[in-house]
Amino acid sequence: MQLILDTGNLKEIQELSTILDIDGVTTNPTIVAKEKKNFVDLIKEIGEIIGDETPIHAQVISTSYEDIIEEATFISGLRENIYVKIPVTHDGLRAIKELKNKGIKITATAIFTAHQGFLAAKAGADYVAPYVNRLDNISADGVGTVKDLIQIIDRYGLSTKVLAASFKNTQQVIELMKAGVHSVTVPYDIAKAMMDHPLTDWSVDKFIQDWEAVYGVGTNTKG
Ligand code: G3P
């Protein structure tokens, strides 16, 4: 199960990638625009933090087939380990098929149904990214949709990985992990919520208090 960070903020990536074993960073135009930086510079700076071995998923802005091909080819040349995110519009699906033939790594994105995910996988996408919380926001079943997609991909032995995105709480993440999701991309606040628990902090404080009551300030290395 891959854990990916859904942020373009360098401080957040630096902090979390130091603590956690992360399998990549995903961005999209909204995430990049928040940083108010040049796109190419930002991708390079993210790469310097996470290292060459860890992938970045970066998205095209173009909407026509021809422009998507051109932009995706440009993005794929930015670094060795990069997946080009392409929304699953008609032009997007067509471009995915073509770019796959050229050996470009693809993450199909803005997926809202299991059908769209299946079609993108069939077109050759390496990852398919369904949006969990945006479905929940319209009273649809985000987790259920992703579960269906996982089942379809696994049932037919497709090599595509489901990369669930758009999370607003840790329960959505846990439900999909239990269902065997291949990867999740989580924003900073969700990653923090997965890491933290007040009882962990309370327990550590109590251990120290109890130790110091008998041995005074110090650690095991001091005898
Ligand atoms: O990568 C796609 C994801 O960032 C969308 O998340 O929170 O904007 O719905 P959100």
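One structure accompanies this document, and this report is about it. For every chain, the first residue of its written sequence is number 1, and the numbers climb from 1 along that sequence. Totals for whole chains, interfaces and linings use every residue, but because this is a predicted model, local features are given only for residues with pLDDT of at least 70 and side-chain atom pairs only at 80 or more, for both listing and counting. Calculated side-chain values reflect all of the structure's heavy atoms, with hydrogen atoms and water omitted.

Observations regarding the pattern of salt bridges
- Note on definitions: salt bridges are taken to be side-chain nitrogens of Lys or Arg within 4 Å of carboxyl oxygens of Asp or Glu. Enumeration according to the criterion identifies five salt bridges in this entry.
- Here glutamate 15 and lysine 192 are joined by a salt bridge, their closest N and O atoms 3.5 Å apart. One end of the pair, glutamate 15, is in helix H1 (residues 10–19); the other, lysine 192, is in helix H10 (residues 188–195), and 177 residues separate them in sequence.
- Residue classification places lysine 192 among the partly exposed residues on the basis of a relative accessible area of 26%.
- Where aspartate 126 meets lysine 100, a salt bridge forms, and the shortest distance between an N and an O atom there is 2.9 Å. Linking aspartate 126 in the loop between helix H6 (114–123) and strand E6 (127–130) with lysine 100 in helix H5 (residues 90–101), this pair joins segments that are 26 residues apart in sequence.
- When a residue's accessible area, from a 1.4 Å probe over protein chains only, is under 20% of the maximum for its type it is buried; when over 50% it is exposed; and in between it is partly exposed. For lysine 100, a relative accessible area of 25% corresponds to the partly exposed category. The secondary structure listing takes helices from DSSP runs of H or I that are at least 4 residues long and strands from runs of E that are at least 2 residues long, numbered from the N terminus.

Digging into the pairing of strand E7 (residues 161–164)
- When E6 meets E7, the two strands line up parallel, connected through two bridges. Within E7, the position partnered with valine 128 by the bridge is valine 162.
- Where E7 meets strand E8 (residues 183–186), two bridges bridge the pair, whose relative direction is parallel. In the sheet register, leucine 163 faces E8, and the bridge partner there is serine 183.
- Assignment of crossover handedness uses the view with strands pointing away from the viewer, where a clockwise path from the first strand over the helix to the second indicates a right-handed crossover. With helix H9 (residues 170–178) bridging E7 and its parallel neighbour E8, the resulting β-α-β unit is right-handed. When DSSP finds two or more bridges between two strands, those strands count as paired.

Quick notes on the packing of helix H8 (residues 142–155) against H9
- Angles run from 0 to 180 degrees between N-to-C directions of axes, and those axes are lines fitted to C-alpha atoms, restricted for helices to the stretch in contact. At a minimum axis separation of 10 Å, H8 and H9 run at an interaxial angle of 25°. Our classification of the angle between H8 and H9 gives roughly parallel. Note that H8 runs across H9; the crossing there is right-handed. Contacts from Val143, Val146, Lys147 and Ile150 in H8 reach Gln172, Glu175 and Leu176 in H9. Each angle gets one of four labels, with under 35 degrees taken as roughly parallel, over 145 as roughly antiparallel, 65 to 115 as roughly perpendicular, and the rest as oblique. Helix crossings are classified by the rotation of the near helix relative to the far one: an anticlockwise turn of less than a right angle makes the crossing left-handed, while a clockwise turn makes it right-handed. Contact between two residues is taken to exist if any of their heavy atoms lie within 4.5 Å; hydrogens are not considered.

Considering a nonpolar patch on the surface
- Patch definition: residues above 30% relative accessible area lacking any salt bridge, with like charges linked at up to 9 Å and the nonpolar side chains Val, Leu, Ile, Met, Phe, Trp and Tyr linked at up to 5 Å. The Shrake-Rupley method, run with a 1.4 Å probe, gives the accessible areas here. Residue values count only the displayed protein chains as cover. Residues Val204, Phe207 and Ile208 make up a contiguous nonpolar surface patch of about 300 Å² in total accessible area.
- Overall, the relative accessible area of 43% leaves isoleucine 208 in the partly exposed class.

Some thoughts on the side chain of histidine 57
- Secondary-structure assignment places histidine 57 in strand E3 (residues 56–59).
- Relative accessible area serves as the criterion here: at 0%, histidine 57 is assigned to the buried category.
- Contacts described as polar in this section are N or O atom pairs within 3.5 Å, which, within protein, must combine one atom able to donate a hydrogen with one able to accept it, while residues neighboring in sequence count only if both atoms come from side chains. There is a polar contact of 2.8 Å between the side chain of histidine 57 and the side chain of threonine 107.

Concerning the nonpolar core
- Each nonpolar core is a collection of buried residues, namely Ala, Val, Leu, Ile, Met, Phe, Trp, Tyr and Cys, held together in the definition by side-chain atoms within 4.5 Å. With 55 residues, the main nonpolar core has Ile86, Val128, Phe167 and Leu176 as its most contacted residues.
- Non-local contacts of phenylalanine 167, meaning those with residues more than four positions away in its chain, are made with Val132, Asn133, Gln172, Val173, Leu176, Val184, Thr185, Val186, Pro187 and Ile190.

In short, the description is geometric, and any link to function would need to be established separately.
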